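One-letter residues, chain by chain:
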Amino acid sequence: MKQFYKSKSLLRLSFLFVLLFSVITVVNSCKKDDDEDEFTDHVVQFEVKTTTGGVIRAIVTQVGTTKTDIFDPVGTTWASGEFFVNSSQAQLNLDAKADLPDADSDW
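The structure displayed is predicted, hence computed values, not measured ones.

Caption draft 1: Local environment of the overall build of the chain. Scanning the chain for helices and strands turns up one helix and seven strands. Listed by position from the N terminus, the elements making up the chain come as α-β-β-β-β-β-β-β. Taking all 107 residues of the chain together, the buried fraction comes to 14%. Counted over contacts in the chain with a minimum sequence separation of 6, partners at least 24 positions apart contribute 68%. Carbon together with sulfur atoms contributes 57% to the accessible area of the chain, which is approximately 9,400 Å² in total.

Below is the structure:
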């Protein structure tokens, strides 16, 4: 009889321990994380340059969902103004097309 009583107590104690561990785990996982990094701003500037004799034909920039098209800018260099972009921004894109002086020029 004592053996049965001890195993029953051990079973209850084990069940209590598992229940307590589960509750502590759930409470601990639900608490707010104070270690989260806040998003920060970065200064960004796009710049396009061609070789001597090259002509920039088109520039397309995209920050997030905001797209800007520039056709036939003047000169062999182009630079956007500096602007702030939050680190939460998913995309920054720059695409440029230029005519170069030689047919075998790299682009």
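Caption draft 2: Molecular detail of the pattern of salt bridges. Evaluation of the coordinates by the stated rule reveals four salt bridges. A salt bridge links Arg57 to Asp72; the shortest N-O distance between them is 3.7 Å. Residue Arg57 is located in strand 3 (residues 55–63), and its partner Asp72 is located in the loop between strand 4 (66–71) and strand 5 (77–79); the two are separated by 15 residues in the primary sequence. Judged by its relative accessible area of 33%, Arg57 falls in the partly exposed class. A salt bridge links Lys97 to Asp99; its shortest N-O distance comes to 3.8 Å. Connected through salt bridges with shared partners, the residues Arg57, Asp72, Lys97 and Asp99 form a single ionic network.

Caption draft 3: Seen up close, the nonpolar core. Of all hydrophobic cores here, the largest spans eight residues; its members are Val44, Phe46, Val48, Ile56, Ile59, Val63, Trp78 and Val85. The element best represented in this core is strand 3, accounting for three residues. Sequence-distant contacts of Val63, defined by excluding residues within four places in its chain, comprise Phe46, Phe83, Val85, Gln89, Gln91 and Leu92.

Caption draft 4: Seen up close, a nonpolar patch on the surface. A contiguous nonpolar patch, built from Leu10, Leu13, Phe15, Leu16, Leu19, Val23 and Val27 and spanning about 730 Å² of accessible area, is present on the exposed surface. Along the chain, Val23 turns up in helix 1 (residues 2–30).

Caption draft 5: Representation of the packing of aromatic side chains in the model. With the rule as written, the count across this model stands at one aromatic pair. Each ring, one from Phe46 and one from Phe83, has its centre 5.9 Å from the other, and the planes form 45°; the classification is tilted. One end of the pair, Phe46, is in the loop between strand 1 (41–44) and strand 2 (47–49); the other, Phe83, is in strand 6 (residues 83–86), and 37 residues separate them in sequence. The exposure class of Phe83 is partly exposed, given its relative accessible area of 24%.

Caption draft 6: Summary view of the sheet that holds strand 4. The three strands lie next to each other as 4-3-7, forming an open sheet whose pairing is antiparallel. Here the strands that pair on one side only, and so sit at the sheet edges, are strand 4 and strand 7 (92–99). Between one strand axis and the next, the sheet turns by 10° as a mean value, whatever way the strands run.

Basis of the calculations
Residues numbered from 1 in each chain as written. Predicted model: local features only at pLDDT ≥ 70, side-chain atom pairs only at ≥ 80, totals over all residues. Heavy atoms only, no water. Helix = DSSP H or I, 4+ residues; strand = E, 2+ residues; numbered from the N terminus. Buried < 20%, exposed > 50% of the residue type's maximum accessible area, 1.4 Å probe, protein only. Contact = heavy atoms within 4.5 Å. Areas by Shrake-Rupley, 256 points an atom, 1.4 Å probe, with all protein chains shown as cover. Salt bridge = Lys/Arg side-chain N within 4 Å of Asp/Glu carboxyl O. Core = buried A, V, L, I, M, F, W, Y, C linked by side-chain atoms within 4.5 Å. Patch = residues over 30% accessible without salt bridge, like charges linked within 9 Å, V, L, I, M, F, W, Y side chains within 5 Å. Phe/Tyr/Trp six-rings, centres within 6.5 Å; stacked < 30°, edge-to-face > 60°. Pairing = 2+ DSSP bridges. Axes fitted to C-alpha atoms, helices over the stretch in contact; angles between N-to-C directions.

Honestly, it's all geometry; don't read function into it.
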